[in-house]
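# Structural overview
What follows is the residue order along each chain.
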Amino acid sequence: MKVYLRYLIIVLLMLTWEGISKANPISLEATGAELKVSYEEPSTNIDGSALTDLAKTTIYYDKGAGAVKAIDIAATKETGGGSIVTTFTIPMKENEEANIAVWATAIDKSGNESDKSNIVEIRLDFLKPAPPD
């Protein structure tokens, strides 16, 4: 009986958690391999209620081999809504080119992660110029 009760409580908790609404859209600028990401933290939960426990936002990128966590940014306040501008560097090699996808998520103090923000794609080109003819 105790085992069934424990699983019932877990299932009820999973069904009642509404979660953080999707991270707000991001914008992206590149200077070489350094990317500047700008966005506003979410301020509501999925159900539209005010966010009260935002812990951080996380920026991810993908060079084509899967998602990589670039940086965690502490929440400006538990209710979110802060404007974020941050930079990070994509590891690139000489003579490498890649299409980079970048997005953000929001994480609450319980560790629940939101859906992805919009995904912004940018092409980084570290190819040597062709020799003159």
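Heads up: the structure comes first, above all this text.
Residues numbered from 1 in each chain as written. Predicted model: local features only at pLDDT ≥ 70, side-chain atom pairs only at ≥ 80, totals over all residues. Heavy atoms only, no water.

### A word on the overall build of the protein
Inclusion rule: Elements are defined by DSSP. Helices are runs of H or I of four residues or more, strands are runs of E of two residues or more, and each kind is numbered from the N terminus. By definition, residues are in contact when any of their heavy atoms lie within 4.5 Å. What sets the accessible areas is the Shrake-Rupley method with a 1.4 Å probe; for residues, cover comes only from the shown protein chains.
Each helix and strand in the protein was counted, giving one helix and seven strands. For the protein, the α and β elements follow one another from N to C terminus as α-β-β-β-β-β-β-β. Long-range contacts, defined here as pairs at least 24 residues apart, represent 64% of the contacts in the protein between residues at least 6 apart. A total accessible area of about 8,400 Å² is found for the protein, and carbon and sulfur atoms account for 55% of it.

### Considering the sheet that holds strand β1 (residues 26-31)
Neighbouring strands of a sheet are bound in pairs by backbone hydrogen bonds; such pairs are parallel or else antiparallel. To be explicit about the condition: Two strands make a pair as long as DSSP finds a minimum of two bridges between them. Lines fitted to C-alpha atoms define the axes here, with helix axes fitted over just the stretch in contact, and angles between the N-to-C directions of these axes take values from 0 to 180 degrees.
In spatial order, the strands read β1-β2-β5; together these three strands make up an open sheet with antiparallel pairing. Edge positions in the sheet fall to β1 and β5 (83-89), since each of these pairs with one other strand and no more. Here the strands of the sheet are splayed against their neighbours by 20° on average, with no regard to which way each runs.

### Overview of the packing of aromatic side chains
Threshold: Side-chain rings of Phe, Tyr and Trp (the six-membered ring for Trp) are treated as a pair once their centres are within 6.5 Å; stacked means planes under 30 degrees apart, edge-to-face means over 60, and tilted covers the remaining angles. Exposure categories follow from relative accessible area, calculated using a 1.4 Å probe and restricted to protein chains: below 20% of the type maximum is buried, above 50% is exposed, and the middle band is partly exposed.
In this structure the tally under the stated criterion is two aromatic pairs. Ring geometry for Tyr60 versus Trp103: centroids 5.9 Å apart, planes at 15°, classification stacked. Of this pair, Tyr60 sits in strand β3 (residues 54-62) while Trp103 sits in strand β6 (residues 97-108), placing them 43 residues apart in sequence. For the pair Tyr60 and Trp103, a shared accessibility class is recorded, and that class is buried. When the ring of Tyr61 is compared with that of Phe88, the centres are 6.1 Å apart and the planes differ by 25°; the resulting orientation is stacked.

### Concerning the nonpolar core
Rules: Take the buried Ala, Val, Leu, Ile, Met, Phe, Trp, Tyr and Cys residues and link them wherever side-chain atoms come within 4.5 Å; each set so joined is a nonpolar core.
Membership of the largest hydrophobic core comes to 21 residues, with the highest contact counts inside it found for Leu35, Val37, Ile59, Phe88, Ile90, Ile100 and Val102. Counting only elements with at least two residues in this core, the list comes to β1, β2 (34-40), β3, β5, β6 and β7 (120-125). Broken down by element, this core gets its largest block of residues, four residues, from β6. The contacts of Ile59, once residues within four sequence positions are left out, are Val37, Tyr39, Val68, Lys69, Ala70, Ile71, Ile73, Phe88, Val102, Trp103 and Ala104.

### Some thoughts on the environment of Ala74
Its location among the elements puts Ala74 in strand β4 (residues 67-74). The exposure class assigned to Ala74 is exposed, which follows from its relative accessible area of 59%. In this structure, the C-alpha to C-alpha distance between Ala74 and Leu54, residues 20 residues apart in sequence, is 8.8 Å.

### With respect to the pattern of salt bridges
Here is the rule: What makes a salt bridge here is a side-chain nitrogen of Lys or Arg within 4 Å of a carboxyl oxygen of Asp or Glu, nothing more.
A full pass over the atoms with the stated rule returns five salt bridges. Residue Lys69 is joined to Asp72 by a salt bridge in which the shortest nitrogen-to-oxygen separation is 3.6 Å. Among the residues examined, Lys69 registers a relative accessible area of 47% and is labelled partly exposed. One salt bridge in this structure joins Arg123 and Glu97, with 2.6 Å as the shortest N-O distance. Here the residue Arg123 occupies a position in strand β7, and Glu97 occupies one in strand β6, the gap between them amounting to 26 residues. When salt bridges with common partners are traced through the structure, they connect Lys56, Lys69 and Asp72 into a single cluster.

### Let's talk about the side chain of Thr57
We apply this condition: Two N or O atoms count as a polar contact when they lie within 3.5 Å, although within protein this holds only if one can serve as hydrogen donor and the other as acceptor, and sequence-adjacent residues are included solely when both atoms are side-chain atoms.
Mapped onto the secondary structure, Thr57 falls in strand β3. Within the structure, Thr57 has its side chain in polar contact with the side chain of Tyr39 (distance 2.5 Å). Setting aside residues up to four positions removed in sequence, Thr57 forms contacts with Tyr39, Glu41, Pro42, Ile71, Asp72, Ile73, Thr105 and Ala106.

Distances and angles like these do not, on their own, reveal function.
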